[in-house]
Structure formats: structure tokens, C-alpha cells
Amino acid sequence: MNGTILILGAEGYLGWPLAMKLALHHPDQKIILLDNGWRKSTVANLGFGPWLQIPDLSSRIEAFGRKYGLANMCAVHAEVCSDELAELIRRERPHTIYHLAQQCSASYSMLGLQQALYTIRNNEEGNMRLLWAVREYVPKAHIIKLGSFGEYAKGGLPIAEGYFKPGYKGQLASTPLPYPRAANDIYHVSKINDSNYVAMAARTWGLRITEVMQATVFGLLTSEMDASPDLFTRFDYDPIFGTVANRFLAQVVSGSSMTVYGSGNQRTGLMALNDAVNSLARFVEDVPPVGEHRVVNHVTETHYSINELAADIADIARGVGLDPKISFTSDLRGESAAKKPIYSIETSLQGSHLYHTDFHTVIRESISLLQKQYSTLLSHHFSPHSAWNECSDGKNLDLKRVDAVRKTENEAYWDQFRINTFPSTRVNLNPGCLATLPQDRLETIKNQVNGNPLSLYALGREAFISIQEECAKLWPAIGYRCNVTSSTSQTMNLLALVLLRRLQEDGKRCFQVLTSEHEHPGGIGPFEHLPEYKLTYLPDVVLNDAEEFNRCLREMQPDIVFLSHVYYPTGKLMQDKWRLSNIKKAVPNAILILDVAQSLGIQQLPFGDADVLIGSTHKWLHGPLGGGLAWFKEDFASWIGALYWNKQHLFEDPQTHGFSIPGGQDFLLYERLRQSLKRYREIGPKAILERSTYLAAYLKRELNGILGHAGITHCFMGDDVSPVVSLLVSDYDPYPLYEFLRKKDIHIKCIKHCRVEAKVGHVLRFGIPYYENMGRLRMVLDTIASFVDCAIMDKQEVDLVI
Ligand SMILES: O=c1ccn([C@@H]2O[C@H](COP(=O)(O)OP(=O)(O)O[C@H]3O[C@H](CS(=O)(=O)O)[C@@H](O)[C@H](O)[C@H]3O)[C@@H](O)[C@H]2O)c(=O)[nH]1
């Protein structure tokens, strides 16, 4: 490769088409696409999503490679606001850097304090870090910084390109001064501040900077996409991230009213996506001299007021047989203009560098494409955002609306969320393995390591620290050490062996383990297979009777009590309030191990009495397979010493020595877990449990109806506080049904021949992830009903009867 071009914010609306254009125009150059996925996850978390479901960035890069036979793009998941940026620039030495990695929504920046702070930090810190990194490592590089046309103060004067020579008190300035800037929102103020910093960096440090004062971009297609959906860019049309022309397009195509804010006399500059990207790409060859802050007004449609824009789009829409409507709201942004403001706009590139596609052509082409790619429409995308001056207690009213959108019963919201983040067509309801890594994180992780084992370790260390921070927030456990381990089964093997070694130091050879009849083999199995342990399985009638249970404890004086927090076959929650503290009172020297594999992520963990709590990450945290979290009481951890004895510690921290997975492992596990915990915290444990139990109640109710109708004797085990539906059938073998579902890509769990709460039979377990929805569960139920009907009606009981 003959050089490197770096695009910051390459997964955005402009970033991706720009990357394609550069890759095609410069096949001998390496194009690095950096993004942190913020835009995608933030839009989804607000309850919105783009019109078209676009593949993730790495799939798009692959599709581009296939179509054009080029392999000069590579994606990097990194934060601009971290040392990763300087490190990347130091390593790659790009000659051209596009900076598009900014929070670009004025409405988002006005949602509340957190959003305002995020905008300032991300935009201004990111910009500052870029300037310093370029100064340090590639001072001759060309920075192309996306500014905003909206930074300029509009006062009836012609709008110059960044600098002009004003007159005052009869005198004309001798050197050009910055054209006045003013804004009504935090986003645009952050861009104004950026302009000052880049101007300073050019003047004082001699950097070469082109600042592109970008007007509102509209449209969906660029020439490189060639109408291939796997190369499309995101098209947002919601009130926070959707911009005016794109919103109007989506509104006319879907039959909603175009929402004009205020009088509609306010003006907006516009530019078609293809024109904007073409022009941006040409700056690679058009480099300003050292020390120049060149400002470019990037706008092609200079005359539109919002009313005129709506009227023009309405005309074009009518021309293609649509029935456009326009509605007016109050002046949400304080833009009130009694009549259209008058000013002209200078654009030095117009006619040369800046190609201007006919507005009507782009609008017609966009309408046609939106009609063809009609998506799941969510009407809340069309409502306006709330007024920028309507704040109470520091919280903008919009957030309340967003909360309402996200509530448990909002199928449209969750459907969109699933499509955005867990788009698999399979329905995974196997509560033993809900390890479905969100789509938007997969690519991130793939690109972190680039085949270098040392970077794998470095990433592992960094991720481990973040995991510990996340865990401390999610599960504050005073007096415990939290460690990232292997899964419950793997950790229990180690713990059973280490315990044996420690217990035998007192000379004893045989140890009593008290447990229940419904443990998962992964937890209790190691004790069952090591002959030094003698197991007693208490039946549920004893476990559920406080007095009887205490009597057993006192009589047996077990060395170890091993119990599950949520019962494996039924999903029922242990009555831990009295159970665990009673164990500690009755047998204070016994080691109490709590298997939280079935409860981690959906129930509050009962810290306080248990010496160890062990859970897996591939169930309700939807995290990596083979990972686990284990909490050890401080004194227990000191006594037991370690689980891993090979001293290949990955960390300096002695607290983790011997308890965290040592070197020689795949530490992407840590990165995957970090991503899963981040997602888990973003959605929130409460929302997750509420949504999952709500769906589980629906599935249970409907399943009951189907089985009752078919005359199949059954009962549901468990309770209503768990998102696990556990179905017990005694007269039928449910395995053929399980197999039938599996072939239809519906996964559940079948446990044959088990005893639960004095009943004997076969159990089918359904665990319902929060991101599922009624429509997909209905499909599962219909599939079950079709199997059951068929088997009964065709008198194929032979399939069902044991
Ligand atoms: O449904 C809507 C949406 C917007 N508007 C009006 O359309 C105008 C433009 O609003 P917008 O949301 O499309 O765009 P804006 O907030 O101005 O910001 C967008 O356009 C800027 C360039 S410029 O518009 O400032 O030139 C970029 O910097 C930003 O990143 C991009 O989000 C405003 O007068 C707004 O009141 C409506 O009337 N109805």
C-alpha cells in the first residue's frame, strides 16, 4: 500500500459511503475505518432505528470487497476519546484523516444534562486528541474536519467561507477575521468551539486543516452502492437523529404528515449524500498549505426555507402517486421567523469541486428506494422532539417519552431493538445457553486483536478491569471478591478439587455434602464423582420446610452445603431469605456454595451468607460461552488460596492471583463479557426481568391452552417471578416435540426422567430472553400447536407416548 487514509466515525451516514468512494478511488491506499458503534447503539437505546436494516460494518466491507475485488479497507473499533487514537496514528501514520466521529444531533445534545455532557466531551475532547496526535506523529497530514454550516450567525449579511474582512466604525479589517458564529443548541456550540481549536492548531502548530461547513445532508444512495442493499448506509428518520429532508421523505412514503417545526420560515442549507461524499473524497488531492485553516461551505441547496422544502417534496411525492400531508408544531427550537431570512452563501467550490445533483432527481430516487425497501414502520419515529426550552429538574420531557417507548409492552420498540442487536432468525429459548452475542458487538470484537497474541493479552487485561468495574456497579457485594472465571461447570471442577486438598489438611478423609435433588450436573457433578465426598440429597419437601431442614442440618453437620439459587429444572427461586442464614446459624463451619448459574442476570444475588457464589455468563447475561463470574468471601478466598496454581498471573493485582484465568487462554472471552455487561447495564436489570417475565407469562398461558385443548396432561413448575417456563409431562415423551422444534430453528431444553417437588416426569424448559417479542413467540406456539394437532389428529400418539 502506498499510504494510509484514516476515517474517524466510518460507520455513520456519511462515513461509510465516503470510505467506499475513497477505497475505489485509491485502490493502492489503505483505508482505515474507525468507529466505536456509539451512534448505532444510542439510536437503538432511544427506541429508534434506521429505515433499512443494514449489515454490520465488517459484513459491508466484505460485500464491498466481493463486488469490487478490493481489499484495501479495514475496520478498527476504537474510541476517539482515548489513547487508542494517538496510538493508531502513531502506528499507521496516515497522510489524510477525516474526522466525522462526532455526536452530530442538535436534538440529542438538548435532551438532558448527560446528553449535553456527552456531546461536549465526545466532540471537543475527541477533536483535541486528534489535533495533539497529529501534531505529535504526523504534523504534515491533512485533517478534514466535518464542521457545520449551522455554526454561522445569520444576521442578514452574506455568509462568507469561515473568514471575512468586516468593517467597523468606518474602518475595514486589515486581515480576515472569523465570520461570526452563534447557535441555539449545545451540539452546534460544540462545533463552534471545535472551529476555534482547529484554527488555533493551524496558526500555532502549523497543521493543515480543511474544515467543511456541512449543510444538512439528505438522500440514501451514492454511486458506489449501485442499489445493493448490502452496501447501504444508515438512514435515520427519528426526531433525534433524523434530519429534516430525510424525515420528510420517510413521512411522505409512509403516509404520515411532514412535521414542520414553528413557522417553517427558517432556512436550511441542503446537500445530497452523493454530492457531499464526492466532494469530501476529493480533498485527498486538494491539500491546503502548511499552517492553513481552510474553511469550505459545503452546501448546494442554498435557498430553501422549511416550508418551501416541504412544499417541493410534496409536489414530487404527488407526482409519483403519493398523498403528502404537512402538519405544523410550535416553535420547538426557538427559530421563530416571521418571514424567510435573507442572506446569500459563498461557496468557492461550487461548479468546480462541488457537484450539484438536481434536487428533484435525488428526492424522486430516494422516494422510490424507500418504497421498495419498506421497513417495519414505527410511528413514534415521526413525532417531533420536544421543545428545547422545556426542561424540568434537569430532565428533558423527551426522556419521559423515550422511557414510555421502551416500556415492557411496547412490541414495536422491542422488535426494532431485536432486529438492531440480536437479528438471528433462530429462536433460542434454551435457558441453559442463551449466549447470543449482540450483532453490533461481534464485529467490534473480531477487529480488536488482528491475530496478535500480545494484543490479545493487553485487551484481556483492559477488559478485565472494566468487567470488575461493571460488576461492582451491577452487583455491589461487600466482603466479597468478584472474579472472572470459566463457566460454572469448569470452576466447580477446580473448586471441588481444591476444597478437597484444603479440607484434608486437617487429617479428615471423608466429607459430607448436603444438597438438593434438583441440582445441575455441572455444579454438583464433581462432588458426585470424587469418592472422598459423600452426598445427601434432600427432597424438596424437606428443603421447603424450615424446621425439618434445620433438623437435618444439625443432625448431619455437613462440611459443604451446595444449593442452587434458582432450581435448574423448574426455574423456581429459592426462598433464600431464611434458607441461607439458617444454614450459617445451624452449621457455622460448613462451606456454603451457591450455584447462581440459573439466576445470574435475572434475580438479585443473595450476598451475605454464602461463601461462594458461582454463575455462568452464557445464560441470562447473553454473554460468552465458557465464561463465569464467581464471588468469594474474603476470608474464604484467603483460606482456599487459589483455583489456578500455575502462577501465570495475567494481572499485577494480588487480589486476583490464582482466581482469574491464567495466561494461555483466549482472552477475547473477557472482551466479549465486557461488551455483554455493558449492554446488560444499558438496558437495565429491572427492564430485562420485567420484559422477560412478561413474555414468559404469555408463553405459559398460551401453551397451557394448546396442551389443554389437545388433552395432554401437564403441569407448570416454577413460579411467576422467573422468565423460565417449565412444563412437566408424565404421560408423554416430549422429545419428538423438542426435536421437531429444533429442526425449525427453535431451541428449548428437554430434561427426561426427572423428579421435581415429589413429581416424576419429563420437563421441557423455555427461557425467554428480554429481546424476544410476541410475534416470534406466537410463531413458536403455532409450531407447537401444529405438532400437537398433527400427532393427535393423525393418531400418531405413538410419537408422543413413552
Ligand atoms: O421534522 C423536522 C425536523 C427538522 N425541522 C427543521 O429543519 C431544520 C433543520 O433541522 P435538522 O434537524 O434537519 O438539522 P440540524 O439540527 O440543523 O442539524 C443537521 O444539520 C446540520 C447542518 S446545518 O443544518 O446546521 O447546516 C449538521 O451539522 C447536523 O449534524 C445535522 O444533524 C430546523 O430548522 C428544524 O426546525 C422541521 O421543521 N421538522
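In the annotation of an unreviewed UniProt entry, the protein chain is listed under the name UDP-sulfoquinovose synthase and assigned to Sphingobacterium zeae.

A. Summary view of the nonpolar core. With 83 residues, the main nonpolar core has Trp475, Leu499, Phe527, Leu629 and Tyr670 as its most contacted residues. In this structure, this core is formed jointly by two domains, domain 2 (439-681) and domain 3 (686-800), each of which donates at least three residues. For Leu499, the contacting residues outside a window of four places in its chain are Phe527, Tyr533, Ile560, Ile591, Ile593, Phe636, Trp639 and Ile640. Residues Ile5, Leu33, Tyr304 and Phe382 belong to the second largest nonpolar core, which totals 74 residues.

B. Quick look at the packing of helix α8 (residues 244-254) against helix α10 (residues 306-319). Packing of α8 against α10 brings their axes to within 11 Å, and their N-to-C directions diverge by 35 degrees. The handedness of the crossing between α8 and α10 is right-handed. For the pair α8 and α10, contact is made by Val244, Ala245, Phe248 and Val252 and by Ile306, Leu309, Ala310, Ile313 and Ala317, respectively. Looking at the contact of α8 with α10 residue by residue, the classes come out as 9 nonpolar, no polar and no charged.

C. Structural view of the UniProt feature "domain: NAD-dependent epimerase/dehydratase" (unreviewed entry) in the protein chain. Mapped onto this numbering, the UniProt entry gives "domain: NAD-dependent epimerase/dehydratase" (unreviewed entry) at residues 5-287. Split by type, residues 5-287 is 39% helix and 18% strand. Its first and last C-alpha atoms lie 13 Å apart.

D. The side chain of Ser148, seen in detail. Looking at the element boundaries, Ser148 is found in strand β5 (residues 142-148). A residue is classified by how much of its surface remains accessible, and Ser148, at 6% relative accessible area, is buried. A distance of 3.0 Å separates a polar atom in the side chain of Ser148 from the backbone nitrogen of Gly150. Excluding its chain neighbours within four sequence positions, the residues that come into contact with Ser148 are Tyr187, His188, Lys191, Val212, Met213 and Gln214.

E. Fine view of the confidence of the model for the protein chain. On average, residues of the protein chain score 89 in pLDDT, and 93% of them reach the 70 mark or higher. Contacts from residues 795-802, a stretch scored under 50 in pLDDT, to residues over four places away or in other chains number 20 contacts.

F. Broad picture of helix α3 (residues 57-68). The end-to-end C-alpha separation of α3 is 16 Å, in line with the 16 Å expected for 12 residues at 1.5 Å each. Buried residues of α3: Leu57, Ser58, Arg60, Ile61, Ala63, Phe64 and Gly65, and no others. Two residues or fewer after α3 comes Gly69, characterised by a positive phi angle close to 65 degrees.

G. View of the sheet that holds strand β29 (residues 749-756). Strands sit in the order β26-β27-β30-β29 across an open sheet of 4 strands; the sheet is antiparallel. Edge strands, defined here as strands with exactly one partner in the open sheet, are β26 (715-717) and β29. In this sheet, neighbouring strand axes are inclined to one another by 35 degrees on average, regardless of whether the strands run parallel or antiparallel. Both strand β27 (residues 724-729) and strand β30 (residues 759-767) contribute to a ladder of 6 bridges, which runs antiparallel. Bridged to Leu727 within β30 is Leu764. The strands touched by helix α23 (residues 685-709) are β26, β27 and β30; relative to β27, the strand with the most contacts, the crossing angle is about 20 degrees. Sitting on the sheet, helix α24 (residues 735-743) is in contact with β29 and β30, with an inclination near 155 degrees to β29.

H. Examining the packing of aromatic side chains more closely. All chains considered together, the criterion is met by 37 aromatic pairs. Between Trp475 and Trp631, the ring centres sit 5.7 Å apart and the planes meet at 75 degrees, which makes this aromatic pair edge-to-face. Highlighted residues: Trp475 in the loop between α15 (453-474) and β19 (480-486) and Trp631 in strand β25 (residues 627-633), separated in sequence by 156 residues. Residue Trp475 shares its accessibility class with Trp631, and that shared class is buried. Grouped by ring-pair contacts, the aromatic residues Tyr413, Trp414, Phe417, Phe422, Tyr770 and Tyr771 constitute a single cluster. The cationic tip of Arg267 hangs over the ring face of Tyr343; the distance from NZ or CZ to the ring centre is 3.9 Å.

I. Summary view of the domain arrangement of the protein chain. Under the domain assignment, the protein chain is made up of domain 1 (4-405), domain 2 (439-681) and domain 3 (686-800). The straight-line distance from the C-alpha centre of domain 2 to that of domain 3 is 29 Å. Taken together, the contact pairs 17 residues of domain 2 with 23 residues of domain 3. Buried surface at the junction of domain 2 and domain 3, summed over both partners, amounts to about 1700 Å²; 61% is from carbon and sulfur atoms. Taken together, domain 2 and domain 3 are joined by 0 salt bridges.

J. Region of the structure containing the site of the ligand. Residues in close proximity to the ligand total 22 residues, the closest being Ser148, Thr216, Val244, Thr259 and Glu335. In the environment of the ligand, an oxygen atom lies 2.5 Å from a nitrogen or oxygen atom belonging to the backbone of Val244. Alone, the ligand offers 730 Å² of accessible surface; in the complex the protein occludes 90% of this. Breaking the shell around the ligand down by element, the ones donating at least two residues are α7 (186-205), α8 and β12 (257-261). Considering only residue class, the shell around the ligand consists of 10 nonpolar, 9 polar and 3 charged.

K. Fine view of unusual backbone geometry. In this structure, Asp226 is a non-glycine residue whose phi angle is positive, near 50 degrees. For Asp226, the position within the fold is in the loop between β11 (216-218) and α8.

L. Here's a closer look at the sheet that holds strand β22 (residues 560-564). Taken in spatial order, the 7 strands of this open sheet run β19-β25-β24-β23-β22-β20-β21, and their pairing is mixed. Both edges of this open sheet fall to β19 and β21 (533-538), since each of them pairs with a single strand only. Between one strand axis and the next, the sheet turns through 20 degrees on average, direction left out of account. Against the sheet, helix α19 (residues 546-556) touches β20 (511-516), β21 and β22, its axis set at about 165 degrees to β20.

M. Representation of the pairing of β20. Most of β20 sits out of view: 5 of its 6 residues are buried. With 6 bridges connecting them, β20 and β21 associate as parallel partners. Considered in β21, the bridge of Gln512 is made with Lys534. A crossover links β20 with its parallel partner β21, the connecting element being helix α17 (residues 521-529), and its sense is right-handed. As paired strands, β20 and β22 are joined by 2 bridges and run parallel to one another. When the sheet's bridge partners are listed, Val513 is paired in β22 with Ile560.

N. The pattern of salt bridges, seen in detail. Within this structure, the stated rule accounts for 35 salt bridges. Between Asp236 and Arg234 there is a salt bridge, and its shortest N-O distance comes to 2.7 Å. Among the residues examined, Asp236 registers a relative accessible area of 4% and is labelled buried. The residue Glu634 makes a salt bridge to Arg481 at a minimum N-O spacing of 3.0 Å. Taken together, the residues Glu634 in helix α21 (residues 634-640) and Arg481 in strand β19 connect sequence positions 153 residues apart. On the accessibility criterion, Arg481 (15% relative accessible area) is buried. Where salt bridges share partners, they join Lys30, Glu87, Arg90, Arg91 and Glu92 into one cluster.

O. Quick look at helix α2 (residues 38-45). Of all 8 residues in α2, 7 are buried, a share of seventy percent or more. Restricting attention to buried positions, one finds in α2 the residues Trp38, Arg39, Ser41, Thr42, Val43, Ala44 and Asn45. Downstream of α2 by one or two residues, Gly47 has phi in the positive range, about 95 degrees.

Definitions and cut-offs
- Residues numbered from 1 in each chain as written.
- Predicted model: local features only at pLDDT ≥ 70, side-chain atom pairs only at ≥ 80, totals over all residues.
- Heavy atoms only, no water.
- Core = buried A, V, L, I, M, F, W, Y, C linked by side-chain atoms within 4.5 Å.
- Buried < 20%, exposed > 50% of the residue type's maximum accessible area, 1.4 Å probe, protein only.
- Domains from an automatic or database assignment.
- Contact = heavy atoms within 4.5 Å.
- Axes fitted to C-alpha atoms, helices over the stretch in contact; angles between N-to-C directions.
- Helix = DSSP H or I, 4+ residues; strand = E, 2+ residues; numbered from the N terminus.
- Left-handed = near helix turned anticlockwise from the far one by under 90°.
- Nonpolar A, V, L, I, M, F, W, Y, C, P; charged D, E, K, R; others polar.
- UniProt positions renumbered as here; feature names shortened; annotations may be inferred.
- Polar contact = N/O pair within 3.5 Å; in protein donor to acceptor, adjacent residues only side chain to side chain.
- pLDDT = per-residue confidence, 0-100.
- Expected span 1.5 Å × (residues − 1).
- Pairing = 2+ DSSP bridges.
- Phe/Tyr/Trp six-rings, centres within 6.5 Å; stacked < 30°, edge-to-face > 60°.
- Lys NZ or Arg CZ within 6 Å of the ring centre and 35° of its normal.
- Buried area = accessible area lost by both parts, 1.4 Å probe.
- Salt bridge = Lys/Arg side-chain N within 4 Å of Asp/Glu carboxyl O.
- Near = heavy atom within 4 Å.
- Areas by Shrake-Rupley, 256 points an atom, 1.4 Å probe, with all protein chains shown as cover.
- Right-handed = clockwise from strand over helix to strand, strands pointing away.

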